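Analysis of the macromolecular model
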Protein chains: 2
Amino acid sequence: MKTYPAAIEELMLFLKQLPGVGKRGAERMVMDILDWDKSDIASFANAVLKIATDITFCPECGNCAEHGQLCSICSDPRRDNSTLCVVETIPQLLAVESGGSYRGKYLVLGGKLSPLDGENGENLNFDLLLKQSAKPELKEIILALSSDVEGRATMIYLTELLKDFSGALTRPAQGLPAGANLSFADSATVAAAFTGRTSF
Amino acid sequence: MKTYPAAIEELMLFLKQLPGVGKRGAERMVMDILDWDKSDIASFANAVLKIATDITFCPECGNCAEHGQLCSICSDPRRDNSTLCVVETIPQLLAVESGGSYRGKYLVLGGKLSPLDGENGENLNFDLLLKQSAKPELKEIILALSSDVEGRATMIYLTELLKDFSGALTRPAQGLPAGANLSFADSATVAAAFTGRTSF
């Protein structure tokens, strides 16, 4: 049986490693790329290569940064050093940034404890968190992890890990999303919203 | 609002151009790539670049080939020059090959007529098909296009285009798929299977 030329098979192997891409998806992608201009394909290759050459992780917080420097948040003197927000991933950091109200620093764990997936914490930035939590100017650590089972377990682990931290240990409010209609909210969210009700 | 470093934003732009990849998908892909070894990322970039440098289209049939040469099928002397199978895309060519029974040549149109999507035939290999159909050794042309509306319209157009072709103009049999249960077949397939019934 005939197959694709070696160059196409090789690219398909790489594309199949990407999240959400299967055999057929990788095939469709390569067929699409075949129709691109040669210069666009070369620019795409260069953009991939730049990830290896330009992007590093910030040594202070685990966010993505360039050429081994501090990330754009850690190097910003206007950010508040007294609060630290712990998130799982870099997209979650950007989600908190999109809220626009938080002006403190971050710590990107790089995931959450998930023993069933083989994540026992060796790859998570716990050491970095301990180092940051020891800074005397730090007054509050916000644990902004997912509220699924693994996220909650990780938060419980973190409260243990940070038991020597003298400042406040907080988490984002749980309740109804902005603009939500009560009749479409799930029962757990309604319960959390009523338990944590605030006065006007 | 903070965004990603320029290198990440640039790669996300390219990934978003791939079929089936949206903003979130591209973000997930880049975050996944960030966790790869630097050498793997460089190999991935090289694999993309090779598509631009190594892969060309076969001048005889429109299949993918390497370095401007004939494709592996057109350059195979054992293939039968008396039949030509017209398909829309390269994956469809491989699908016919996977059947294992066809030993003739191919012609890849590169799509089908679809005026609503702006495909009026300028980009399709009609010229190449006319050139192939004029070869004296050719006895049969099989139109193996999709049997959706655009595919059927294209086949009708091709029968007009090939009206000077003196050999047979055929298409693959329509009927029940191999191993199919009649009770799960759709009505159009059952109708086609009964209309085209064959004797033992």
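Summarised in this report is the structure supplied together with it. All values reported here derive from a predicted model rather than from experimental measurement.

Residues and elements named next belong to chain A. Taken together, 4 strands build an open sheet; the order of strands is β4-β3-β5-β6 and the sheet is parallel. In the strand order of this sheet, the two ends are held by β4 (104-108) and β6 (168-170), each with one partner. For this sheet the average axis-to-axis angle between neighbouring strands, irrespective of direction, equals 25°. Pairing of strand β3 (residues 80-87) with strand β5 (residues 140-143) involves 4 bridges; the strand directions are parallel. Paired with V86 across the bridge in β5 is L143. Packing of helix α4 (residues 90-99) onto the sheet brings it into contact with β3 and β4, and relative to β4 it is tilted by some 160°.

This part covers the pairing of β5(A). All names here are of chain A. Inspection of the sheet shows β5 paired to β6 by 3 bridges, in the parallel sense. Note on β6: the bridge partner recorded for I142 is T170. Since β5 and β6 lie parallel, the crossover through helix α6 (residues 149-161) that links them has a hand, and here it is right-handed.

Moving on: the pattern of salt bridges. In the structure shown here, the tally under the stated rule is 14 salt bridges over all chains. Among the salt bridges present, the one from E97(A) reaches R79(A), with a minimum N-O distance of 2.8 Å. Of the two residues, E97(A) is situated in helix α4 and R79(A) in the loop between β2 (64-66) and β3; the sequence distance between them amounts to 18 residues. The closest approach of N and O atoms between K112(B) and D148(B), which form a salt bridge, is 2.6 Å.

We now examine the sheet that holds strand β3 (residues 80-87) of chain B. All names here are of chain B. Taken in spatial order, the 4 strands line up as β4-β3-β5-β6 in an open sheet, and their pairing is parallel. A single partner strand is all that each edge strand has here, and the edge strands are β4 (104-108) and β6 (168-170). On average, adjacent strands in this sheet sit at an angle of 25° to one another, irrespective of strand direction. Where β3 and β4 come together, 5 bridges link them in parallel fashion. Paired with L84 across the two strands is K105, which belongs to β4. Each of β3 and β4 touches helix α4 (residues 90-99); the most contacted strand, β4, lies at about 160° to it.

Burial runs high along β4(B): 5 of the 5 residues are buried. For the handedness criterion, the β-α-β arrangement of β3(B), α4(B) and β4(B) is classed as right-handed.

Here the focus is the packing of helix α1 (residues 6-16) of chain A against helix α3 (residues 38-54) of chain B. The geometry of a pair of packed helices is captured by two quantities: the angle between their axes and the separation between those axes. Look at α1(A) against α3(B): their axes get within 9 Å of each other, and the N-to-C directions meet at 145°. Note that α1(A) runs across α3(B); the crossing there is left-handed. Residues A7(A), I8(A), E10(A), L11(A), F14(A) and L15(A) of α1(A) form the contact with α3(B), whose own contacting residues are D40(B), S43(B), F44(B), A47(B), V48(B), K50(B), I51(B) and D54(B). When its residues are assigned to classes, the contact of α1(A) with α3(B) shows 9 nonpolar, 1 polar and 4 charged.

A separate point is the environment of D164(A). Residue and element names in this part refer to chain A. Tracing the backbone through its elements, the reader meets D164 in the loop between α6 and β6. Among the residues examined, D164 registers a relative accessible area of 73% and is labelled exposed. Separated by 156 residues in sequence, D164 and I8 have C-alpha atoms that sit 55 Å apart.

Another aspect to go through is the relation of the copies chain A and chain B. Related by rotation about an axis and a shift along that axis, the two copies of the chain form a pair. Least-squares fitting of chain A to chain B yields an RMSD of 0.1 Å, with the superposition described by an axial translation of 0.0 Å and a rotation of 180°. Seen this way, the second copy is the image of the first under a two-fold rotation axis. For chain A, the residue whose C-alpha comes nearest the rotation axis is A45(A), separated from it by 2.2 Å. Most of the interface of chain A is mirrored in chain B, where 100% of its interface residues are also at the interface.

Let's shift gears to the interface of chain A and chain B. Taken together, the contacts link 55 residues of chain A with 55 residues of chain B. Between chain A and chain B lies a buried interface of about 5000 Å² when both sides are counted; carbon and sulfur atoms form 78% of it. Between the two partners, chain A and chain B, sit 2 salt bridges. Listing elements by their share of the side of chain A that touches chain B, those giving two or more residues are α1, α2 (23-34), α3 (38-54), β1 (55-57), β2 and α4 of chain A. Per element, the largest residue contribution to the side of chain A that touches chain B is 14 residues, and it comes from α3(A). The residue makeup of the side of chain A that touches chain B, split by class, is 35 nonpolar, 6 polar and 14 charged.

Rules used in this analysis
- Residues numbered from 1 in each chain as written.
- Chains lettered and ligands numbered in written order.
- Predicted model: local features only at pLDDT ≥ 70, side-chain atom pairs only at ≥ 80, totals over all residues.
- Heavy atoms only, no water.
- Pairing = 2+ DSSP bridges.
- Helix = DSSP H or I, 4+ residues; strand = E, 2+ residues; numbered from the N terminus.
- Axes fitted to C-alpha atoms, helices over the stretch in contact; angles between N-to-C directions.
- Contact = heavy atoms within 4.5 Å.
- Right-handed = clockwise from strand over helix to strand, strands pointing away.
- Salt bridge = Lys/Arg side-chain N within 4 Å of Asp/Glu carboxyl O.
- Buried < 20%, exposed > 50% of the residue type's maximum accessible area, 1.4 Å probe, protein only.
- Left-handed = near helix turned anticlockwise from the far one by under 90°.
- Nonpolar A, V, L, I, M, F, W, Y, C, P; charged D, E, K, R; others polar.
- Least-squares fit on C-alpha atoms with pLDDT ≥ 70 in both.
- Buried area = accessible area lost by both parts, 1.4 Å probe.

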